[in-house]
Amino acid sequence: MNNSKFVIATDSTSEMPLEFYEKHAIERVCLGFVMDNVNYEGEDGLPIDLEEFYNGLSAGKKPTTYQVTAEQAKTHLEPYVKAGKDVLVSAFSSGLSGTYGSFCVAAKELMETYPKRKILVIDSLCASLGHGLFLHYLVEKAESGASLEETYQYGMDLRLHICHNFTVNDLFQLKRGGRISPTIAVIGSVLNIKPVMRMNDEGRLVSVGRGVMGRKKSIHAIFNNMVAQQDLQEGDPVYIVQAVCKDDAEYLKNLVEEKFPGHEVMIGELSPVIGSHSGLGTLAIFFRGTAR
């Protein structure tokens, strides 16, 4: 339970287990997507099973995602400021979505209406369980007794130390999302080249080198990058996320546990909103590091 003097809010791209939000009383605003002209998830979309979503993706369906709007953000935040609570918001990377901007608009309008209240919005520059890991540290700080301003500054100092390393199986899904060129997608697929990617300091996805040949080598590549970047302290968790590649996730988890015993390693499932852009076979690892 969140015993801090302010409320923490976030969006669904943080992809933590639902129990985490409930346990720490975190307000969560949902992004969504449209597939086959049907609205899913979001604030008023239909629920969808992960297997159903990824089967659709495998069959060639092309979902389009949408961000949190300022009005939706206001709807979620206003009850707290109206009740006399301040709010700290952790938002999906501005390098990948306009959700951060929507939270900022909502915060400005609400503080004009409730001038005694503060709403501080952090651009996490993170995505998926990288955002979840960032949120984990924010909650720890808040529940240690830190003030709103102290927790905000802690987050601002921390965000570029939340490292994201990942690889994908489907280069054409990255092409559809505008992440790589059609030529690279074709040549890479023919040669079985798997991209090795990371999140940069602007919160955007970028390639690391030219990729590697074969899936197993790509898993070792993101693990080796993690070993080089990590700055794990006692008690720091490591998060892994996967999209229909559980065996690969377990293999990566075993590599981490052998190298860094004593650290919790959690495996999560990639949500449809993020999976719409990265595709089946996405495998990512998130951890505290020296730099991205």
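Placed above this text is the structure.
Residues numbered from 1 in each chain as written. Predicted model: local features only at pLDDT ≥ 70, side-chain atom pairs only at ≥ 80, totals over all residues. Heavy atoms only, no water.

Q: Can you help me understand the pairing of strand β3 (residues 32-35) in this one?
A: Consecutive residues of a regular strand have side chains that alternate between opposite faces of the sheet. The sheet contact formed by β3 and strand β4 (residues 38-41) spans 4 bridges and is antiparallel. By the bridge assignment, Met35 is partnered in β4 with Val38. Linking β3 back to β4 in an antiparallel pair, the connection comprises 2 residues, with Asp36 at a positive phi of about 55°. Here β3 pairs with strand β5 (residues 64-66) via 3 bridges, running antiparallel. The residue bridging Gly32 from the neighbouring strand is Tyr66, located in β5. (Pairing = 2+ DSSP bridges. Helix = DSSP H or I, 4+ residues; strand = E, 2+ residues; numbered from the N terminus.)

Q: Even after reading the chapter, I still don't get the sheet that holds β4, so can you show me in this structure?
A: Within a beta sheet, neighbouring strands are joined by backbone hydrogen bonds and run either parallel or antiparallel to one another. Strands sit in the order β4-β3-β5 across an open sheet of 3 strands; the sheet is antiparallel. Strand pairing shows two members of the sheet lacking a second neighbour, β4 and β5, which therefore form its edges. Ignoring strand direction, the axes of neighbouring strands in this sheet form an average angle of 30°. (Axes fitted to C-alpha atoms, helices over the stretch in contact; angles between N-to-C directions.)

Q: Is there a simple way to explain the packing of aromatic side chains in this structure?
A: How two aromatic rings sit relative to each other is given by the distance of their centres and the angle of their planes. Evaluated as defined, the whole model comprises 4 aromatic pairs. Judged by centre distance (5.3 Å) and plane angle (20°), the rings of Phe33 and Tyr40 are stacked. Accessibility assignment for this pair places Phe33 and Tyr40 in one class, buried. Centre to centre, the rings of Phe53 and Tyr54 are 4.8 Å apart; their planes meet at 75°, and the pair counts as edge-to-face. Phe53 sits in the buried class, given a relative accessible area of 0%. A residue is classified by how much of its surface remains accessible, and Tyr54, at 5% relative accessible area, is buried. An aromatic cluster of at least three residues, connected via ring pairs, comprises Phe33, Tyr40, Phe53 and Tyr54. Looking at Arg28, its charged tip hangs above the ring of Tyr21, at a distance of 5.2 Å from the centre. The ring of Tyr137 carries Arg288 above its face, with NZ or CZ at 4.5 Å from the centroid. (Phe/Tyr/Trp six-rings, centres within 6.5 Å; stacked < 30°, edge-to-face > 60°. Buried < 20%, exposed > 50% of the residue type's maximum accessible area, 1.4 Å probe, protein only. Lys NZ or Arg CZ within 6 Å of the ring centre and 35° of its normal.)

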